Amino acid sequence: MNLPTVSTPALTAGRDNSPDRALAERHRPVLMLDANEPALPLGFGYSVLRETTRSPSSKFTVAPPQGGKVIEYAIWYDWDIEHLYDLEHVWVHLNADGQVVRVEGSMHGLRVSMDSGPGLPELRDGRPVLYVEPGKHALWGVQRPMGLVAGEMIVRTCGPDAGSQGIHTGNHFFEAGQYAVTPRDHRLARLAMKRAAFVPSFEFSRCSDDAAPALLPWAGLADWIPQRIQALIAALPAQVPHLAAVFLDCGDTLIDETTEVKVDGSELVTAAKEIPYAMDAVRTLHERGHTLALVADGLRQSFQNLLEPRGIWSLMQAHAISEEVGELKPSAKMFDAALAALGLGDADRKRIVMVGNNLARDIRGANQADLISLFVAWSRQRSHEPADASEQWDHRIDSLDQLVPAIEAIELSLNAAGGADG
């Protein structure tokens, strides 16, 4: 799957006929990229530094050669394979005669000399040729050592570790409040990168010139970056298949029914023990930006007595309860009530997971409502054998520490049409 992108805001160089622009164009790096690289550079923001100064676009202090200058290139990619946002750097040092005497590049937060042995990388008419680490875009002056020194790490980063960091917030744009991120944004960004995971070929057959990235002063790129991030975040819900909601039963799904304490002569539950890992799982789903709803048979006050003291009731954005709906699961009215409370419609059904322990009520009801059914086989109070096809679950877990990984796997399996891949 391709990484999400947007067409706006457009990045253009504008009218810049300055000598600095001509100098930056003359020495703009040639970046060689892996044949399978999913994210290409979109812009080079340049600064020409003529005295020792703090870099305008990075954390480093830059010192030009005596009588010379340094061209700093801040290179923007929408995506690093581990996070949305990537700004890499190249520093081209020119002596007083305008000759390239040193080239440095960014590598995982470090500033590293780029050379192929004689102190410089390959130069093509004054343009340094650098090799871009697959996925992470760290810069190397020579191709061969990359695979030998860091090959295993790179393969792991581009595969199992893809999307591990969500949206990058360790930069001055975020710290200055120029864009905001919600837990849901992080989750959708991670999903996008997990789907874009790839196996590096270590064949650097693609060139940054082919992507035609814009070249413009750093100030122009710095103005554009927050707008770009905002647009990318806003596009995630439409471009990244994801779950619309997770519906949760309560008895023997979150709470151990065998421990319930009821008011004498009534069905009102006043206390009970939680199922191991259940509350932590619900909290984690909430922290990751999932929309949660309680869909349960019983009395509202019972569920409030059980879930409010544990801080769980307020994490549910809707509560579809049989006492108020007037019917028990598997009635469609229970699930329809939850959908309506969340502002969801029929088109969202295939993106909703119903988590429950009762085959006849939770699983049958979810299947008939065209939801994704997840059977919690923790309790032995009820049958684990489907009576017929309508009670056959889509997914099953045996303990609640498996709930979050199961939800993640289901969400990752969703296709662009909204359903799960087979």
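The paragraphs below set out a description of the structure included in this document. Computed from a predicted structure; not experimentally measured.

1. Quick word on the overall build of the protein chain
Consideration 1: For the protein chain, the helix and strand inventory stands at 12 helices and 21 strands.
Consideration 2: Radius of gyration (C-alpha) of the protein chain: 27 Å, far over the 22 Å computed for a compact globule of 422 residues.
Consideration 3: By residue count, 53% of the 422 residues in the protein chain fall in the buried class.
Consideration 4: Within the structure as shown, the protein chain displays about 18100 Å² of accessible surface, and the carbon and sulfur contribution to it stands at 48%.
Consideration 5: Each charge sign in the protein chain was given a centre, from 38 positive and 55 negative side chains, and these centres are 3 Å apart.

2. A short note on the sheet that holds strand β7 (residues 100-107)
Strand pairing in a sheet takes place through backbone hydrogen bonds and is either antiparallel or parallel in direction.
Consideration 1: Spatially, β8-β7-β6-β5-β2-β13 is the arrangement adopted by the six strands of the open sheet, whose pairing is mixed. The open sheet has two edge strands with one neighbour each: β8 (110-113) and β13 (214-217). Strand-to-strand twist of the sheet, defined as the mean angle between neighbouring strand axes without regard to direction, takes the value 25°.
Consideration 2: Across four bridges, the pairing between β7 and β8 is antiparallel. Within β8, the residue paired with glycine 105 across the bridge is valine 112.

3. So, the sheet that holds strand β21 (residues 395-397)
Consideration 1: Spatial ordering of the open sheet is given by β18-β17-β14-β19-β20-β21, a layout of six strands whose pairing is parallel. On the outer flanks of this sheet lie β18 (318-321) and β21, each paired with one strand and no other. The sheet shows a mean angle of 20° between the axes of neighbouring strands, direction not considered.
Consideration 2: As paired elements, strand β17 (residues 292-296) and β18 share four bridges and run parallel to each other. Residue pairing across strands places valine 295 opposite alanine 320, the latter belonging to β18.
Consideration 3: In the packing of helix α11 (residues 359-368) onto the sheet, contacts are made with β19 (352-356) and β20 (372-376), and the angle to β20 comes to roughly 160°.

4. Some words on the pattern of salt bridges
Consideration 1: Enumeration over the complete set of coordinates arrives at 31 salt bridges.
Consideration 2: Its salt-bridge partner being arginine 111, residue glutamate 104 comes within 3.4 Å of it at the nearest N-O pair.
Consideration 3: Residue classification places glutamate 104 among the buried positions, given a relative accessible area of 3%.

5. Re the environment of leucine 294
Consideration 1: Relative to the assigned elements, leucine 294 resides in strand β17.
Consideration 2: Given the relative accessible area of 0%, leucine 294 is considered buried.
Consideration 3: Among residues more than four places away in sequence, those in contact with leucine 294 are Leu248, Asp249, Cys250, Phe303, Leu307, Trp313, Met316, Ala318, His319 and Ala320.

Cut-off values and rules
- Residues numbered from 1 in each chain as written.
- Predicted model: local features only at pLDDT ≥ 70, side-chain atom pairs only at ≥ 80, totals over all residues.
- Heavy atoms only, no water.
- Helix = DSSP H or I, 4+ residues; strand = E, 2+ residues; numbered from the N terminus.
- Rg over C-alpha atoms; globule rule 2.2 N^0.38 Å.
- Buried < 20%, exposed > 50% of the residue type's maximum accessible area, 1.4 Å probe, protein only.
- Areas by Shrake-Rupley, 256 points an atom, 1.4 Å probe, with all protein chains shown as cover.
- Lys, Arg positive; Asp, Glu negative; His and termini not counted.
- Charge placed at Lys NZ, Arg CZ, Asp CG, Glu CD.
- Pairing = 2+ DSSP bridges.
- Axes fitted to C-alpha atoms, helices over the stretch in contact; angles between N-to-C directions.
- Contact = heavy atoms within 4.5 Å.
- Salt bridge = Lys/Arg side-chain N within 4 Å of Asp/Glu carboxyl O.

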